[in-house]
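Structural description and commentary
Read off the chains here:
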Amino acid sequence: MATAAIEIENLTKDYPFGFLHLKKKTSLEGLTMRVEEGEVFGFLGPNGAGKSTTIKLLVGLIFPTAGTARILGKSISDISMHQDIGYLPEQPYFYDYLTAAELLDYFARFHDLPAQERKARVDGMLKKVGLETARKIQLRKYSKGMLQRAGLAQAILHDPKVVILDEPMSGLDPVGRREVRDIILELKQAGKTILFSTHILSDAEMLCDRVGVIVGGKLRGVGAPDEIVGIRANAMEILFECTASATGLDGLLSKAKQLGKRYQLQVPEADLYATLQKLGGAGATILSVTQVKATLEEYFMHLVAADRAQAPAVEVSGK
Amino acid sequence: MKRVGVVALNTFREAVRDRVLYNLVFFALVMIAASILVGQVSIGIHEMVIVTLGLSAISVIGLLIAVFIGVGLVSKEMEKRTLYALLAKPVRRWEFLLGKFGGLLLTLTVNTMAMAAGLFLVLRLGRLSSDPLEGPVLVAVYFILLKLAMVVALALLFSCYTTPLLSILCTAGLYVAGLFVGQMRNYHSDTISPALQAFFRWISYVLPNFENFDVMAAAAHARPIPAVLIMQNTAYAALYCAIILTAAAAIFTKRNLK
Amino acid sequence: MSFLTSRVVLYSVLLLGFAGVWELQQAIDIQSAAMHQEQDDLVLRSGPLLKAMSLEYAPLVADLYWTRAVQYYGNKQAREDTKIELLWPLLDVTTTLDPNLLIAYRFGSVFLSEPPPRGAGRPDQGISLLQRGIRANPDYWRFYEDLGFIYYFELKDYRKAADAFLEGSTKPGAMIWMKTFAARIHEEGESRETAAMLWTEIYNSAGDANTKENAKIHLQLLRAEIDCEQLNKIAAEYEKRTGRIPASMRELVSAGLLRGLAADPVGFVYVFENGKAQLNPASPLYKKQPESKKAP
């Protein structure tokens with residue numbers, strides 16, 4: 001079995017609080033999972049579920065109460081492991097008195113790159129994330145989107161095998177989100193392993209090979225977005241218009257949902273063409289044909305509701 | 001070790017860009033004003049007053065910088081979360097701490113040397129300088145630097161653990177306490193028990209002794225300062241800083257960031 | 001490294017470090033003391049200048065200088081160093097910064113006027129300080145007591161001493177014996193009883209440890225003086241009886257003239273030197289006599 005890029009075993013994080021620290025808030029409980037090399041793995045969950053906690057544990061910003069984790073075969077307490085990972089923190093903030101070029105150069109110095117190569121990489125990265133023109137401007141003048149891009153640049157500058165991103169799309173406008181998505185896909189093409197957390201489900205559906213859903217500090221489900229939802233797409237939905245005078249469609253029309261002059265009809269995939277022919281023959285105008293999928297969102301909401309039923313929803317971020 | 005240097009240089013750069021070094025302008029003005037005024041007022045002790053004033057200014061300004069920037073060295077990075085991306089790099093926490101310490105110390109050294117140069121300039125221009133005077137004054141400046149190193153170490157220690165305001169109070173408190181350590185050591189009184197006296201004596205060794213570095217009087221009177229003392233003080237400051245930084249590293253290495 | 005071992009290592013490092021610091025500090029203390037012994041340091045002596053520099057913290061700075069003055073005196077005494085030239089400037093600065101720091105004047109008047117080894121031997125400075133004190137605090141009767149003191153003991157000017165006591169007795173709160181002293185001194189000039197009474201008064205009312213100690217020593221010395229006088233009378237009697245001058249206390253005891261070995265207030269037996277009784281050189285009181293009275 002190939003070494004997983006990230007292996008997590010029974011990772012737990014408690015935060016003691018209260019008088020004499022006798023009580024504790026469990027931010028993460030017994031997390032066990034793997035991320036294989038080369039895959040894009042999405043961490044989903046509501047706010048305070050434990051996504052950021054897991055990522056911070058992996059990167060060494062906080063320390064586990066129990067359990068272990070390994071990245072590329074090395075324990076998370078091994079500092080040399082950091083040579084091969086890149087990390088983008090959530091809502092990143094960098095030294096605002098530095099320019100983007102200086103920031104990248106500063107971070108690059110921790111990676112034992114010869115000066116020539118360092119400069120080349122910095123230039124390359126700035127171009128890649130589209131900050132070339134702003135390279136000499138101090139970070140304090142950057143917009144949120146630009147900061148996010150700078151953050152991404154410092155995360156991948158040293159060409160790490162594993163890239164860990166904490167809410168990389170938060171606060172970005174659609175253009176920004178698209179750019180980040182593109183970069184993630186590029187990284188995947190290059191064979192990198194990517195772990196990112198998000199609560200935007202559509203991004204996860206679009207990008208991830210597999211997702212893990214964390215609710216209330218516990219892992220609820222892991223798998224490909226399709227699998228996890230449990231329902232395979234096997235229905236097709238037809239959107240069409242027809243006049244009242246269309247004949248031969250009564251059977252169909254009664255099964256369809258009417259929205260003004262339009263109808264929405266679901267049919268099994270096997271019957272798709274037959275139905276279309278029938279509709280065409282009856283003079284209906286076909287507006288669109290789409291696949292019906294149970295969405296990740298429904299699954300997600302179901303899990304959250306189940307968790308909330310168990311325990312009162314306390315969104316403590318472990319701060 | 002190289003990584004320590006990287007962090008140190010960046011800390012220095014931050015100080016420069018935060019316009020910390022502008023204090024030198026203030027210092028220059030003070031020295032000029034003093035030298036003009038004092039020239040009118042006192043006869044025969046002109047150089048003594050300039051030296052005293054100059055050294056006091058160097059010390060006070062240095063202390064202000066050491067304390068106010070020192071207490072933010074770590075806490076500011078944690079507050080602003082600039083630390084997050086950094087710690088994901090292959091750099092150990094103690095290397096980061098040492099780098100911060102080194103960076104501020106570098107800033108202070110540059111600052112102090114510039115002020116010392118200004119002081120010497122004023123002395124030379126006023127034709128007050130003399131061979132016997134310059135040596136002790138230079139040593140006095142060096143001692144101020146040693147003292148500042150210890151203050152930075154203390155500020156850094158508190159910065160790892162608590163808020164800037166508390167850090168300032170604790171560091172300033174320890175500094176003031178450190179000035180009276182000598183008295184604490186020799187405190188004889190019939191009003192307190194021998195146990196308490198022994199306790200005071202013990203604590204007078206644990207607290208940082210800043211009196212050791214006070215040679216302003218000797219410098220003002222151009223009396224030479226023995227080389228032995230220079231070595232002893234250097235060793236003292238180095239050892240004390242090492243202790244404090246070790247403690248700081250121990251605390252910070254286990255600290256869970258927010 | 002396990003958690004426990006790392007803790008142990010950490011604490012050992014810290015402990016060793018502090019041990020090193022301790023050692024170093026002691027070495028530095030020795031070095032500093034040697035350095036400071038050569039010359040005393042008081043860089044700024046100008047009271048008015050310091051007052052200007054202290055802004056509204058003048059009384060606080062005065063306290064610092066007062067503490068320093070006391071420490072300076074204490075250190076000198078501990079080292080048995082009789083040169084205390086800095087006492088006057090320190091007190092001068094203190095009282096300029098805070099003219100109402102009464103204890104500084106009182107302390108100064110005693111230790112500036114006393115002859116070495118316990119004072120600076122400058123009664124003129126003592127008087128000058130007291131006069132400043134009186135100007136700033138005209139109703140404080142104790143300054144007159146101190147003034148009278150200096151005139152009586154150090155300057156032997158009984159007229160001025162009596163005048164001072166008299167003036168002081170008119171101030172609010174003055175004790176009744178001020179008038180008594182004025183009268184006695186006026187009549188008798190110097191007398192041991194008066195001296196004993198004055199020192200007792202100082203001892204009872206002293207505001208700081210040094211002054212109290214000083215008064216005690218004076219009283220002990222007076223006691224010793226009286227004792228020696230008595231012993232000399234007995235020695236004369238012995239000579240009359242035996243034709244010899246006594247060489248030690250024992251002889252007087254054997255001759256039945258003394259019931260036991262006479263000792264000074266701190267327990268050291270008196271000795272005879274050329275037939276005259278005096279303090280035992282081994283006694284701590286011996287060193288504290290005014291230089292003029294010590295045997296050559």
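Procedures and definitions
- Residues numbered from 1 in each chain as written.
- Chains lettered and ligands numbered in written order.
- Predicted model: local features only at pLDDT ≥ 70, side-chain atom pairs only at ≥ 80, totals over all residues.
- Helix = DSSP H or I, 4+ residues; strand = E, 2+ residues; numbered from the N terminus.
- Rg over C-alpha atoms; globule rule 2.2 N^0.38 Å.
- Buried ≥ 20, exposed ≤ 12 C-beta atoms within 10 Å, placed from the backbone.
- Contact = placed C-beta atoms within 7 Å.
- pLDDT = per-residue confidence, 0-100.
- Nonpolar A, V, L, I, M, F, W, Y, C, P; charged D, E, K, R; others polar.
- Pairing = 2+ DSSP bridges.
- Expected span 1.5 Å × (residues − 1).
- Domains from an automatic or database assignment.
- Axes fitted to C-alpha atoms, helices over the stretch in contact; angles between N-to-C directions.
- Arc of directions from axis to C-beta.

To continue, consider the overall build of chain C. When you go through chain C residue by residue, the secondary structure sums to 13 helices and two strands. Relative to a compact globule of 296 residues, whose C-alpha radius of gyration would be 19 Å, chain C shows 25 Å and is clearly more extended. In terms of principal-axis extent, the alpha carbons of chain C reach across some 90 × 55 × 35 Å. Looking at chain C as a whole, 29% of its 296 residues are labelled buried. Taking the contacts inside chain C whose residues are at least 6 apart along the sequence as the reference set, 50% of them involve residues at least 24 apart.

Next up on the list: the interface of chain C and chain B. In this complex, chain C contributes 18 residues to the contact, which on the side of chain B involves 23 residues. Among the elements that make up the side of chain C that touches chain B, the one with the highest residue count is helix H1 (residues 3-38) of chain C (15 residues).

What follows concerns the confidence of the model for chain C. Residues and elements named next belong to chain C. Of the residues in chain C, 94% reach a pLDDT of 70 or more, and the chain-wide mean stands at 83. Within chain C, the element-level pLDDT minimum falls on helix H2 (residues 47-53), averaging 74, and the maximum on helix H6 (residues 123-136), averaging 92. The complex prediction reports pTM at 0.72, with the ipTM value standing at 0.85.

Turning our attention to the interface of chain B and chain A. How big an interface is tends to be reported as the loss of accessible area on association of its parts. Residue-level contacts link 20 residues of chain B with 25 residues of chain A. Secondary structure elements with two or more residues in the side of chain B that touches chain A: helix H1 (2-17) and helix H5 (82-87) of chain B. Among the elements that make up the side of chain B that touches chain A, the one with the highest residue count is H1 of chain B (five residues). Of the residues that constitute the side of chain B that touches chain A, the class distribution is eight nonpolar, three polar and nine charged.

Right, let's get into the pairing of strand E13 (residues 262-268) of chain A. Each regular strand shows side chains that alternate between the opposite faces of the sheet. Residue and element names in this part refer to chain A. Relative to E13, strand E11 (residues 235-241) is paired through seven bridges, and the arrangement is antiparallel. Paired with glutamate 241 across the two strands is arginine 262, which belongs to E13. The hairpin formed by strand E12 (residues 257-259) and E13 contains two residues between the paired strands, and glycine 260 there has a positive phi angle of roughly 65°.

Take the pairing of strand E6 (residues 85-88) of chain A next. Residue and element names in this part refer to chain A. The two faces of E6 match: Ile85 and Tyr87 on one face and Gly86 and Leu88 on the other face are all buried. In this sheet, strand E7 (residues 162-166) lies alongside E6 in parallel orientation, the contact comprising four bridges. Bridge assignment links glycine 86 to a residue of E7, and that residue is valine 163.

Owing to its 3.6 residues per turn, the α-helix aligns residues three or four sequence positions apart on the same side. Residue and element names in this part refer to chain C. Taking 1.5 Å of rise per residue, 12 residues should cover 16 Å, and helix H5 (residues 102-113) covers 17 Å from first to last C-alpha, within 8% of that figure. Most of H5 is tucked away: 10 of the 12 residues are buried. Within the span of H5, buried status applies to Ala104, Tyr105, Arg106, Phe107, Gly108, Ser109, Val110, Phe111, Leu112 and Ser113. In this fold, the buried residues of H5 make contact with helix H3 (58-78), helix H4 (87-97), H6, helix H7 (142-154) and helix H11 (209-242).

Domain boundaries assigned for chain A yield domain 1 (6-229 + 296-310) and domain 2 (235-292). One C-alpha centre belongs to domain 1 of chain A, the other to domain 2 of chain A; they are set 45 Å apart.

Residue and element names in this part refer to chain C. Looking at the assigned domains, one finds that chain C contains domain 1 (47-215) and domain 2 (223-293). Put simply, the middle of domain 1 and the middle of domain 2, counted by C-alpha atoms, are 34 Å apart. Tallying the contact residues gives five residues for domain 1 and four residues for domain 2. Looking at side-chain class alone, the side of domain 1 that touches domain 2 contains three nonpolar, no polar and two charged residues.

Let us look at the sheet that holds E13 of chain A. All names here are of chain A. Here we have four strands laid out as an open sheet, ordered E12-E13-E11-E14, and antiparallel in their pairing. Whereas interior strands pair on both sides, the edge strands pair on one side only; in this sheet they are E12 and strand E14 (285-292). Sheet twist, expressed as the mean angle between neighbouring strand axes with direction ignored, is 25°.

Attention now goes to helix H8 (residues 164-179) of chain B. Residue and element names in this part refer to chain B. Between its terminal C-alpha atoms H8 stretches 23 Å, which fits the 22 Å expected from 16 residues at 1.5 Å a residue. For H8, every residue scored as buried is listed here: Ser167, Thr171 and Gly178. In an axial view of H8, the angular spread of the buried residues amounts to 25°, which keeps them on one side of the axis. H8 presents Leu165, Gly173 and Val176 as exposed residues on the side facing more than 90 degrees away from its buried surface.

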